[in-house]
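Fold and contact review
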Amino acid sequence: AVEHKMGIFGAMQTAVSGMSAQAFALENISGNIANSQTIGYKRIDTSFEDMIPDLSLSARITGGVNASSLATNSVAGAFKSTGINSNIALSGDGYFATSQRTTTTSGASSFGSSPYFTRRGDFALDKNKNLVNGAGYYLMGYTVDPTSGMANSGVPTTIQLPTGDMAPKATSTITYQGNLPSTPSNPANTANALPAGVATNLTATPPVVATTYSANNESTLLNASIAGGSVTVYDAKGTPATLQTRWVKNASNTYDLYYENDSKANGTSPKWTFLQNFQFDNSGNMTVPATPKVTISGLSIDGTSLGSIAVDFTGMSQYGDTSGQFRTTNIAQDGYSSASLTGVYFGDKGRVYAQYSNGLQQPVADIAVAKFNGGQA
C-alpha cells in the first residue's frame, strides 16, 4: 500500500477552500435576511461540492470544497395582508405572466408579447388602467366577455380595465315576493275607500276597482291600505325612480296593489295607480294572477317612463300574521345607473373584476399563471 501524507501547503489549501465556501454561503444567507421583507423575493440556497483532483494514486493530493448558488427555489414565503385590493399572491406553484412596456418617440405605449415570469404581486392600476407591479412589469391574462363571463382562449395579453364609465341598464324584471296578512291592520271600508263616481263590483273577477287615486283622495287610500315596500328602478338612461306600493284589501281573499305614479301630484291629478289584482284560496295560496309573472306596460313614475317591465310575483301568499302588515321576503330588480370605475377586485380563482361606483363588478380577465417542470425557473 502507498501512504500519502498531507503537506502543509495542501492542508492550507483545503482550509482556505472551506473558508471560502462558508463565506460564500454566508453572503447568500445575509442576502436572504436583507430581503426578508422584499415583495416576491425568492431566497437563494447554497450547494457544497467536494473537489477531488483527477490524478493517479501515486500523485493524488488533497482536495477542497466548492460552493455554488442554487437558482430560484419554489418554496413560497409567508403571506402578508397589505389591505390593498390590487395586491395578490399565488398559493402553491406557478408564476404570474407579465409583460414589459415600451414607449415610442411619439409617446405611444406598447407591450411585448413574450412574457416574463414573477411571483411579485404588488400590482396597482396605472393611469391607463393597466396593472403593474413594483418592478414595472404588467400583468397578463385572458380577456373575459363581460356579458357571458366566458374567458377567451388564445394567447394571454396585457390586462387593461375599461377606461370609460359602465353603461346604464334599464330595469326589465322586478321580483316581488312577500306575505299579505289575512286580516290587515286597517282593513278597507270599500264604500269609503273608493273615490266618488267610481263603479264598484266586488263580485266580478277581477273586481272593478278604482284605477287611480288623486292627490285629493290620497288620504283615503292611505287610511284603507297597508305599505307594500319599495324598490328603485331605472329607465334606459339610468335615471332612477322609486316604485312605492300599497295594498288594499277590498274583499275576502282579495287584494289590490297600487303604486305611486306621481309623488308631486296635487289636486285632482292622479297620484296612485292600480297595478294588479290578487286573489287567494282559503289556504292562502295565490290563484290570481294565474301566471305569477306579469308584464306591466306603460309604467311611469314621477315623469320617468319605464316602458314594459316583467314582474315576478312567484311566492306571494296570504297567511295569518298578527302584525297585520305586509311582510317582504324579496323585492329586487335588475337595472342600474351608469357608474365610474373605482378600483379592481381579484376573485379567489384568479378572475379580475372592475369595480364601479354603483357597487357592481364587471369581469375583465382571467390571470395567466405559468408552471414549469421542476421546482425552479
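Residues numbered from 1 in each chain as written. Predicted model: local features only at pLDDT ≥ 70, side-chain atom pairs only at ≥ 80, totals over all residues. Heavy atoms only, no water.

1. Overview of the overall build of the protein
Here is the rule we go by: In this text, helices come from DSSP runs of H or I with a minimum length of four residues, and strands from runs of E with a minimum of two, each type numbered from the N-terminal end. Summary of the burial criterion: residues with accessible area below 20% of their type's maximum are buried, those above 50% are exposed, and those between are partly exposed, where the area comes from a 1.4 Å probe applied to protein chains only. Accessible surface is estimated by sampling points in the Shrake-Rupley manner with a 1.4 Å probe; for residues, cover comes only from the protein chains shown.
What the protein contains, in helices and strands, is three helices and 24 strands. The burial tally for the protein puts 36% of its 377 residues in the buried class. Taken as a whole, the protein presents about 20900 Å² of accessible surface, with 51% of it coming from carbon and sulfur.

2. Some points on the sheet that holds strand β18 (residues 293-301)
The condition is simple: Following DSSP output, two strands are said to pair if at least two bridges run between them. Throughout, an axis means a line fitted to C-alpha atoms (over the contacting stretch in the case of helices), and angles, computed between N-to-C directions, take values from 0 to 180 degrees.
The four strands are arranged β18-β19-β11-β20 in an open sheet whose pairing can be described as mixed. In this open sheet, the two strands that pair with only one neighbour each are β18 and β20 (327-333). Across the sheet, the mean angle from the axis of one strand to that of its neighbour is 25°, orientation sign disregarded. Note: strand β11 (residues 173-179) against strand β19 (residues 304-312), three bridges, orientation parallel. Among the inter-strand pairings, I174 is bridged to a residue of β19, identified as V311.

3. Notes on the pairing of strand β23 (residues 361-367)
Here β23 lies mainly inside the structure; five of its seven residues are buried. Of the strand pairs in this sheet, strand β9 (residues 138-143) and β23 are connected by three bridges, and their pairing is antiparallel. When the sheet's bridge partners are listed, T143 is paired in β23 with A365. Looking at chain direction, strand β22 (residues 351-356) and β23 are connected through five bridges and run antiparallel. Each bridged residue has a counterpart across the sheet, and for R351 the counterpart in β23 is D366. Linkage of β22 to β23, two consecutive antiparallel strands, is achieved through a turn of four residues, within which G359 is found at a positive phi near 85°.

4. Regarding unusual backbone geometry
Across the junction of V288 and P289, the peptide omega takes the value 5°, indicating a cis bond. Non-glycine residue N253 carries a positive phi angle of around 60°. Within the secondary structure, N253 is located in the loop between β14 (240-251) and β15 (254-260). Exposure remark for N253: the relative accessible area of 16% places this residue in the buried category.

5. Description of the packing of aromatic side chains
Definition in use: Here is the rule: rings of Phe, Tyr and Trp (six-membered ring for Trp) pair when centre to centre is within 6.5 Å. Planes less than 30 degrees apart are stacked, more than 60 are edge-to-face, and the remainder are tilted.
All told, the structure shown has 15 aromatic pairs when counted by the stated rule. Ring plane angle 70° and centroid distance 5.8 Å describe the contact between Y95 and F372, whose orientation is recorded as edge-to-face. In this pair, Y95 sits in strand β3 (residues 95-99) while F372 sits in the segment after β24 (369-370), placing the two residues 277 residues apart along the sequence. Members of the aromatic cluster, connected to one another through ring pairs, are Y176, W247, Y255, F278, F313 and F326.

6. Quick look at the nonpolar core
Proteins that are soluble and globular tend to have nonpolar side chains buried together. Formally: Remark: nonpolar core denotes a set of buried residues (Ala, Val, Leu, Ile, Met, Phe, Trp, Tyr, Cys) joined through side-chain atoms within 4.5 Å.
Grouped together as the largest cluster of nonpolar side chains are 27 residues, with contacts concentrated most on Y176, L180, W247, F278, F313 and M316. Top element by residues in this core is β18. It accounts for four residues. Residues F123, L131, V352 and Y356 belong to the second largest nonpolar core, which totals 19 residues.

7. What to know about a nonpolar patch on the surface
Our working definition: By definition, no residue in a patch forms a salt bridge, and every one has over 30% relative accessible area; like charges are joined within 9 Å, nonpolar side chains (Val, Leu, Ile, Met, Phe, Trp, Tyr) within 5 Å. When a carboxyl oxygen of Asp or Glu lies within 4 Å of a side-chain nitrogen of Lys or Arg, that pair is called a salt bridge.
Together, L26, I29 and I33 line one region of the surface with nonpolar side chains, adding up to about 310 Å² of accessible area. Position of I29 among the secondary structure elements: in helix α1 (residues 8-34). Look at I29 and you get partly exposed, because its relative accessible area is 44%.

8. What about the side chain of D126?
Keep this limit in mind: Charge counting treats Lys and Arg as positive and Asp and Glu as negative, with His and both chain ends excluded. Two N or O atoms count as a polar contact when they lie within 3.5 Å, although within protein this holds only if one can serve as hydrogen donor and the other as acceptor, and sequence-adjacent residues are included solely when both atoms are side-chain atoms. Residues are treated as being in contact if the distance between any of their heavy atoms lies within 4.5 Å.
Inspection of the secondary structure puts D126 in the loop between β7 (124-125) and β8 (131-132). Within the buried set, D126 has no salt-bridge partner at all; the shortest N-O distance to an opposite charge, 4.2 Å, is to R101. Engagement of the side chain of D126 in a polar contact is seen with the backbone nitrogen of N130, the distance being 2.8 Å. Among all residues touching D126, those that are not within four sequence positions of it are R101, V132 and Y138.

9. So, the confidence of the model for the protein
To be explicit about the condition: Per-residue confidence from the predictor is reported as pLDDT, a score between 0 and 100.
Residues at a pLDDT of 70 or more form 83% of the protein, whose mean pLDDT is 83. Confidence scores differ between elements of the protein, with helix α2 (residues 190-193) showing the lowest mean pLDDT of 48 and β11 the highest of 96. A low-confidence stretch, residues 196-204 (pLDDT under 50), is modelled with eleven contacts involving residues beyond four sequence positions or located in other chains.

10. A few points about the pairing of β9
Alignment of β3 against β9, held across two bridges, turns out to be antiparallel. Looking across to β9, one finds that S99 is bridged to Y138. Sheet analysis places β9 next to strand β10 (residues 157-158), joined by two bridges and oriented antiparallel. Residue pairing in the sheet places G141 in a bridge with T157 of β10.

11. Re the environment of N66
Relative to the helices and strands, N66 resides in strand β2 (residues 64-70). Its relative accessible area of 31% is what places N66 among the partly exposed residues. As a C-alpha pair, N66 and S17 span 49 residues in sequence and 6.9 Å in three-dimensional space.

12. Concerning the side chain of E218
Mapped onto the elements of the fold, E218 is located in helix α3 (residues 218-223). With relative accessibility at 15%, the residue E218 sits in the buried group. A distance of 2.9 Å separates polar atoms of two side chains, one belonging to E218 and the other to K271. With residues up to four places along the chain from it excluded, the contact list for E218 reads E260, K271 and W272.

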